[in-house]
Each structure stands twice: as structure tokens, then as C-alpha cells.
Amino acid sequence: MNEKDRLEQLFSLFYSQNASAKEIDEFFRLIEDVPNEVLEALAHKYFEAGKEQELLFPSQLREKLYAKIIDVGNIPAPDGDRNNFIRHFARFGWAAAVIAAILIGVLLYPWTGRQGRDGTLADAANKHQHYLKDTSAVQVHGTADTVGSALAESVINVAELTRLSGVADGFSTITVPYGKRSELMLPDSSKVWLNAGSQLTFPSVFDASNNEVFLIGEGYFEVTERKTTPFYVRTADMNIKVMGTSFNVSAYPDDGYTSAVLLSGKIEIEPASTLDFQNIAIAPGTSAMLNRTDKKLKIQRVTAEDEISWTKRQLILKNTQLSEILTRLSRIYNAEIVDNFGRDSAVTFSGKLDLTMPLTDVLKIIYDSNGEYQINQIEGRYVISE
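Structure report, in brief.

What counts, and at which threshold
- Residues numbered from 1 in each chain as written.
- Predicted model: local features only at pLDDT ≥ 70, side-chain atom pairs only at ≥ 80, totals over all residues.
- Heavy atoms only, no water.
- Buried < 20%, exposed > 50% of the residue type's maximum accessible area, 1.4 Å probe, protein only.
- Helix = DSSP H or I, 4+ residues; strand = E, 2+ residues; numbered from the N terminus.
- Pairing = 2+ DSSP bridges.
- Core = buried A, V, L, I, M, F, W, Y, C linked by side-chain atoms within 4.5 Å.
- Contact = heavy atoms within 4.5 Å.
- Salt bridge = Lys/Arg side-chain N within 4 Å of Asp/Glu carboxyl O.
- Expected span 1.5 Å × (residues − 1).
- Axes fitted to C-alpha atoms, helices over the stretch in contact; angles between N-to-C directions.
- 1 Å grid on protein atoms, 1.4 Å probe; cavity = no way out; pocket = protein on both sides within 12 Å on 5 of 7 lines; lining within 4 Å.
- Points joined across faces, edges and corners; volume = space filled by probe spheres on them.
- Nonpolar A, V, L, I, M, F, W, Y, C, P; charged D, E, K, R; others polar.
- Arc of directions from axis to C-beta.
- Phe/Tyr/Trp six-rings, centres within 6.5 Å; stacked < 30°, edge-to-face > 60°.
- Lys NZ or Arg CZ within 6 Å of the ring centre and 35° of its normal.

Some remarks on the pairing of strand E12 (residues 267–271)
Item 1. Of all five residues making up E12, four are buried, and the element is well covered by its neighbours.
Item 2. Both strand E9 (residues 238–242) and E12 contribute to a ladder of five bridges, which runs antiparallel. Looking across to E12, one finds that Asn 239 is bridged to Glu 270.
Item 3. Examined bridge by bridge, E12 and strand E13 (residues 280–282) share three bridges and lie antiparallel to one another.

Structure representation (C-alpha cells):
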């Protein structure tokens, strides 16, 4: 696929809000590099179709889009009057028009204080996502990528880490690759356990006025009780407002959902990006799960302790589909699992898996009831076949 076709494909994904974080990053890289005439052609296509009126994009992309418009079109920075800002486009050529097309929906979407807070933190989190594939060790990265040391401590002290890193202003990201887990102590004494394939981004200056984190992946939080200023856990789909609570959040980009499960205390679920659901407080033993396909939030009772079984090296299954089990095991063991045996991926399992066991033994528990099979292991790749 040539560069032009790939850009159009990514734009379509971006336009329909189905682009992954990786595809969003690639989209912005292509916009930087492709000739202006390619951007012009794409802009004409979408403007002529009138699609710009429907464009709505996540608020965390706001700052990046503004910066791009100002850079490409040499347009003065916005002065707060959105109508005046839109009129600036009449004075510039199609070099900036494709960016205008992307931005129209964002400008038409209400600007709120909550959305304004999301942007820079999310940008830093998305920027560092590629480190999950680039490292096999737990690492920390600063805003300017000046930090990248491997972390071997059993409990990572975030306050000490940021002090030693010298990143005084901006954001840092802890990366926990597939096959690893990690425990963090935040500056306010809150604790976070990060599951395999997870990242936590936080302000380098973490205090009462700036106590928010952005999670990609899965984390279990025990947040210190606070009387006034709430603590926020932000994800691509939802924000969790906390006043002192223990809860689990799962927000893997390749899952079809984002969920928050409350063990104790109280949390409030708020929509992020362009999602539109009412803020809702949930009680202990309750799960709030957002389906990324239909954008609906489902509240239900659960056995909350089962949701954090991964912190005890266990995996509790309750009518869990085989496809989801294999995805989880792939993250936990940092292994590719290929089912050439032909078992129905929708078949469900209930029970408990011991994650201290070798992956081959765990897979045998799943496949032993289905006749003759074999598991071949080649360089981290596990192939199940007849």
C-alpha cells in the first residue's frame, strides 16, 4: 500500500473513531511527511462529501491538532473565540485544510474544564506506548525521553524516581512489558499494581493540585483517602474520580471494553473523549464496563476480589471465552499462542488457573478435555495442534 492510500485508510479509521493509539501516531507522522498536494486531495474529498460536519475526535488530541494547524498553515494561535478561529482558515490554502477538516468536529464539541485537563497527560501516555514492544524490562521514560533506565525494585517509589530523573516539569511513564508485573508507591502514599503490558503516566510534579494518572493496560489501585481534592485515573474511554478507595481498572487498547471494578470506598465514572453518558457513582462489589463498540456503559454486581486475582498470580474464569483466555495468557507470559487445534474460540470456561505454573501446563488444563493434541514451543511461540 502506498503512502497516499495508507493515509486515506488511517484518516477513515480516525474519522470513524476506530483508530488505535498506534494508528493515531502513524496518522500524525504521515501528515508531517506527505506532500501538501496529497493532503489537499484528501481534504477536498472529505469537504466535498460534507463529512466534516460529523467529525468528533477525542479531546486529548486537541492540543496536537491545534499545534499542527498553527504549524502547517502559519495560523495565529486560538484566542478563545472558536468562530474567529474557524474564520482564519479562509485566509490560508489547502495545505492546512485537511487539518481543518479533522478539527471541525472538535471545535463543534463543547469545551469543558474536564476535557481540557485530559489533553497533555494523554498525549504523553500515547507517545510512550511504543515502549511496550521495545523493551523486556520495566522502565521509566520522561517527557523528553531523557529517562530510560531499567527498574528492578520490588516496589517502585515514584517520588524518588522522579527526583533522581531530573524531570522537573512534564510527565513520566512507567512501562511494564508483557510477561512482567510491577508495584508502585505514588508520592501521596497511594499504591498501584500494574499488570503485564501496562503503562502508567503521571505528572513529574505530583501534588494535591496535580494528582492524576493515565492508564493504558490494567492496574489495581489503593488510593489514600483525601478530604478535598480528588484523585483521577484517566483512560481513553473513561475517567475515574476517587476520594480514597481500592479498585481495579482494565483498559487494554486491544480489548473491546474498558472496565472499573470497585472493592471498597466510592468512585465516580465520568466519560472521556467524545463519549456521552451520565456521571455515575458505583458501590463496592460493582463493575462499570464500557463497550467500545456500542459506546454503552453497563453497571453490574461482581465478585470484586476475583477481578484482582492477577495480583496473586491467579486467573479466575467465569464463563470466560477461550479467545479472551488466550489473549490474557499471551500478555501474562509474553508469548504468542496459536490455536491450530480448531477449538471453538467462543467456548467458555469457569474455574481458577495458577499463573505460577509454566504456560504449557496451563494450556494443558484448558485443552485436556478435548481429545488428542500437542503443544509445540518455538522461541516463545506456543502452537496447539492435533
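Comments concerning the nonpolar core
Item 1. Grouped together as the largest cluster of nonpolar side chains are 34 residues, with contacts concentrated most on Ile 174, Phe 221, Phe 231, Val 233, Ile 240, Phe 247 and Ile 267.
Item 2. Excluding anything up to four places from it in sequence, Val 233 contacts Val 213, Leu 215, Phe 221, Met 238, Asn 239, Ile 240, Phe 247 and Val 249.
Item 3. Core analysis: the second largest hydrophobic core is formed by 22 residues, Leu 322, Leu 329, Leu 353 and Val 362 among them.

Some details on the environment of Val 205
Item 1. Its location among the elements puts Val 205 in the loop between strand E6 (198–203) and strand E7 (212–222).
Item 2. Put simply, Val 205 and Ser 172 are 33 residues apart on the chain and 9.6 Å apart in space, counted from C-alpha to C-alpha.

Some details on the pattern of salt bridges
Item 1. Evaluated as defined, the whole model comprises eight salt bridges.
Item 2. With a closest N to O distance of 3.0 Å, Arg 226 and Asp 188 form a salt bridge. Here the residue Arg 226 occupies a position in the loop between E7 and strand E8 (231–234), and Asp 188 occupies one in the loop between strand E4 (182–185) and strand E5 (191–194), the gap between them amounting to 38 residues.
Item 3. Across the pair Arg 381 and Glu 336 runs a salt bridge, and its minimum N-O distance is 3.4 Å. Residue Arg 381 is found in strand E20 (residues 381–385), and its partner Glu 336 is found in strand E17 (residues 336–339); the two are separated by 45 residues along the sequence.
Item 4. On the basis of relative accessibility, which here comes to 37%, the residue Arg 381 falls in the partly exposed class.
Item 5. Shared partners join several salt bridges into a network, and the residues in it are Asp 254, Asp 255 and Arg 331.

Brief notes about helix H11 (residues 322–333)
Item 1. Counted at 1.5 Å a residue, the expected span for H11 with its twelve residues is 16 Å, and the 16 Å between its end C-alpha atoms agrees.
Item 2. For H11, the set of buried residues is Leu 322, Ile 325, Leu 326, Leu 329, Arg 331 and Ile 332.
Item 3. In this structure, the buried side of H11 is in contact with strand E16 (314–321), E17, strand E18 (348–354) and helix H12 (359–367).
Item 4. Of the residues trailing H11, Asn 334 is marked for its positive phi of about 50 degrees.

Quick notes on the pairing of E20
Item 1. The buried fraction of E20 is high, at four of five residues.
Item 2. As paired strands, E17 and E20 are joined by four bridges and run parallel to one another. Counted as the bridge partner of Ile 337 is Tyr 382 from E20.
Item 3. Bridge analysis of strand E19 (residues 374–378) against E20 gives five bridges, and the strand direction is antiparallel. Residue Gln 377 lies in a different strand from E20, and its bridge partner there is Tyr 382.
Item 4. Hairpin remark: E19 followed by E20, antiparallel, with two residues in the connecting loop; positive phi at Glu 379, about 50 degrees.

Some points on the sheet that holds E17
Item 1. In spatial order, the strands read E17-E20-E19; together these three strands make up an open sheet with mixed pairing. At either margin of the open sheet sits one strand with a lone partner, and together these are E17 and E19. Shown here is a sheet whose adjacent strand axes are inclined to one another by a mean of 20 degrees, direction ignored.
Item 2. On the sheet, H12 packs against E17, E19 and E20 and is oriented at approximately 25 degrees with respect to E20.

A short note on the side chain of Asn 211
Item 1. On the secondary structure map, Asn 211 appears in the loop between E6 and E7.
Item 2. The class of Asn 211 is buried, set by a relative accessible area of 7%.

Some remarks on the layout of surface pockets
Once rolled over the atoms, a probe with the size of a water molecule shows which space is left empty.
Item 1. Size it by volume and the second largest pocket reaches roughly 860 Å³.
Item 2. Lining the second largest pocket are 32 residues, with Tyr 257, Glu 307, Thr 320, Glu 324 and Arg 328 positioned closest to its centre.
Item 3. Elements supplying a minimum of two residues to the lining of the second largest pocket: strand E10 (246–251), strand E11 (257–264), strand E14 (286–291), helix H10 (304–307), E16 and H11.
Item 4. Counting residues per element, the lining of the second largest pocket draws most heavily on E16, which supplies seven residues.
Item 5. A breakdown of the residues in the lining of the second largest pocket according to their chemical character gives ten nonpolar, 14 polar and eight charged.

Quick word on H12
Item 1. Of all the residues in H12, the buried ones are Leu 359, Val 362, Leu 363, Ile 366 and Tyr 367. An end-on view of H12 places all buried positions within 130 degrees of arc, on one side of the element.
Item 2. In this structure, the buried side of H12 is in contact with H11, E17, E18, E19 and E20.

Some details on the packing of aromatic side chains
Item 1. The full count for this structure, using the stated rule, is three aromatic pairs.
Item 2. On the basis of an interplanar angle of 10 degrees and a centroid distance of 5.2 Å, the ring pair of Phe 221 and Phe 247 is categorised as stacked. In this pair, Phe 221 is assigned in strand E7 and Phe 247 in strand E10, connecting sequence segments 26 residues apart. A single burial state applies to Phe 221 and to Phe 247, both of which are buried.
Item 3. Residue placement shows Arg 331 over the ring face of Tyr 252; its charged tip is 3.6 Å from the ring centre.

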